[in-house]
Amino acid sequence: MASGNKTQISEFLLLGLSEEPALQPLIFGLFLFMYLITVIGNLLIILAVHSDPHLHTPMYFFLSNLSFVDICFTSSIIPKMLWNIQTQSKAITYEGCIIQVYFYLLFAALDDFLLTVMAYDRFVAICSPLRYTVIMNPRLCALLVLVSWILSALFPLLHSLMVLRLSFCSDLEIHHFFCEITWLIRLACSDPFLNNMVVYFGSVILGGVPLAGILYSYSKIVASICGISSAQGQYKAFSTCASHLSVVSLFYCSALGVYLSFTATYSSHTSAIVSVMYTVVTPMLNPFIYSLRNKDIKRALKRFFGMEMFVRVPFALGLKNCP
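About the thresholds
Residues numbered from 1 in each chain as written. Predicted model: local features only at pLDDT ≥ 70, side-chain atom pairs only at ≥ 80, totals over all residues. Heavy atoms only, no water. UniProt positions renumbered as here; feature names shortened; annotations may be inferred. Buried < 20%, exposed > 50% of the residue type's maximum accessible area, 1.4 Å probe, protein only. Helix = DSSP H or I, 4+ residues; strand = E, 2+ residues; numbered from the N terminus. Pairing = 2+ DSSP bridges. Disulfide = S-S within 2.5 Å. Axes fitted to C-alpha atoms, helices over the stretch in contact; angles between N-to-C directions. Parallel < 35°, antiparallel > 145°, perpendicular 65-115°, else oblique. Left-handed = near helix turned anticlockwise from the far one by under 90°. Contact = heavy atoms within 4.5 Å. Nonpolar A, V, L, I, M, F, W, Y, C, P; charged D, E, K, R; others polar.

If you check an unreviewed UniProt entry, the chain appears there as Olfactory receptor-like protein OLF4 from Odocoileus virginianus. Quoted verbatim from the Function (unreviewed entry) field of UniProt, the annotation for the chain is "Putative odorant or sperm cell receptor." Quoted verbatim from the Subcellular location (unreviewed entry) heading of the UniProt record, the comment on the chain is "Membrane".

Observations regarding the pairing of strand β1 (residues 11-14)
Only one face of β1 is covered, namely the face carrying Phe 12 and Leu 14; the face carrying Glu 11 and Leu 13 is uncovered. With three bridges joining them, β1 and strand β2 (residues 91-93) adopt antiparallel strand pairing. For Leu 13, the partnering residue across the bridge sits in β2 and is Ala 91.

Some words on the state of the cysteines
Applying the stated criterion across every chain, the model contains two disulfides. The disulfide partner of Cys 97 is Cys 179, and the gap between their sulfur atoms is 2.0 Å. With the S-S dihedral at roughly -125°, the linkage between Cys 97 and Cys 179 falls on the left-handed side. Linking Cys 97 in helix α4 (residues 94-127) with Cys 179 in the loop between β3 (173-174) and α7 (181-187), this pair joins segments that are 82 residues apart in sequence. The exposure class assigned to Cys 179 is buried, which follows from its relative accessible area of 0%.

Some remarks on the packing of helix α2 (residues 58-75) against helix α6 (residues 138-164)
Close contact between α2 and α6 brings their axes to 10 Å; oriented N to C, the two are set at 25°. What the angle tells us is that α2 and α6 run roughly parallel. Regarding α2 and α6, the two cross each other, and that crossing is right-handed. Listed contacts from α6 to Pro 58, Phe 61, Phe 62, Asn 65 and Phe 68 of α2 are Cys 141, Ala 142, Leu 144, Val 145 and Trp 149. A class-by-class count of the residues in the contact of α2 with α6 yields nine nonpolar, one polar and no charged.

Details of the packing of helix α1 (residues 24-51) against helix α3 (residues 78-86)
How two helices sit against one another is set out by the angle between their axes and by the gap between those axes. The contact between α1 and α3 brings their axes to 10 Å, and the two run at 150°. In terms of orientation, α1 and α3 fall into the roughly antiparallel class. Of the two elements, α1 crosses α3, and the hand of that crossing is left-handed. On α3, the residues that touch Gln 24, Ile 27, Phe 28, Phe 31, Leu 32 and Tyr 35 of α1 are Ile 78, Pro 79, Met 81, Leu 82, Ile 85 and Gln 86. Within the contact of α1 with α3, the residues separate by chemical class into ten nonpolar, two polar and no charged.

A few points about the UniProt feature "transmembrane region" (unreviewed entry) in the chain
Following the UniProt record, one finds the feature "transmembrane region" (unreviewed entry) at residues 26-47, 59-78, 98-120, 140-158, 197-216, 237-260 and 272-292. The span residues 59-78 shows a helical share of 90% and a strand share of 0%, and its end C-alpha atoms are spaced 28 Å apart. Here residues 98-120 runs as 100% helix and 0% strand, with 33 Å between its end C-alpha atoms.

Below, the structure is given as structure tokens:
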């Protein structure tokens, strides 16, 4: 097979979820709605946590970081997709594709690590409640987030550099709605063996290790909950983990299924649909999952917006009384 020179590539083509022109307005409207809900919902979580001193705890500190990462995660993918639909274009530049690969993998990895850190936080809170404030001190919390950022930045950099070594031929169509790393590897004319190994290695490190940590934490949590004598105490302990466990299930059930089987022959359309679950749907649902049954978050939001109205009314009355 003749190989092409990767320096001559100017752009790739993102075929999206469907090539039917009649479906494009529906897809545009649906993804725009989900993106706006994701941004607004996660911004409200961040606003609630930072505005209420009662929420300045490790659990909500990690939750606000997760909300910020979810906004960045979807923002690295959805705006370009919406722009292509609006302009009726499928093109993304070679450089833009590499940049998208990096940031998409960066924030996906951060999601992995933050979910693991949050599982550890729940493990300490339930299994060692008397030592919780000592163990989960502000310095450790900040260190856990910092280490997550550093590790998450290194692995996508390796992936991006490995993609740069690939050469591509005439087929530059990506059957996806963003520059997905495994699709770039499939389009390569040069030998992708090293890239495949990096993908599998990254899947184990960024997916398998955090998942193992989450499962270990919850095995200890379940054992600790079973040791609680009262049913009310068991329910209260489990309710503090239910939201996090729901998000973990949504994220990993879709993400691992795509990446650990990317070399198998399956429908590219199905792969793209499954990817929507962890790239768009999960970040959108996170604010609802963490806030609908969380009285602290709802109370903080009501207090914040109530405070705004309280300040606004006296200010307006003061203007009216001015001579």
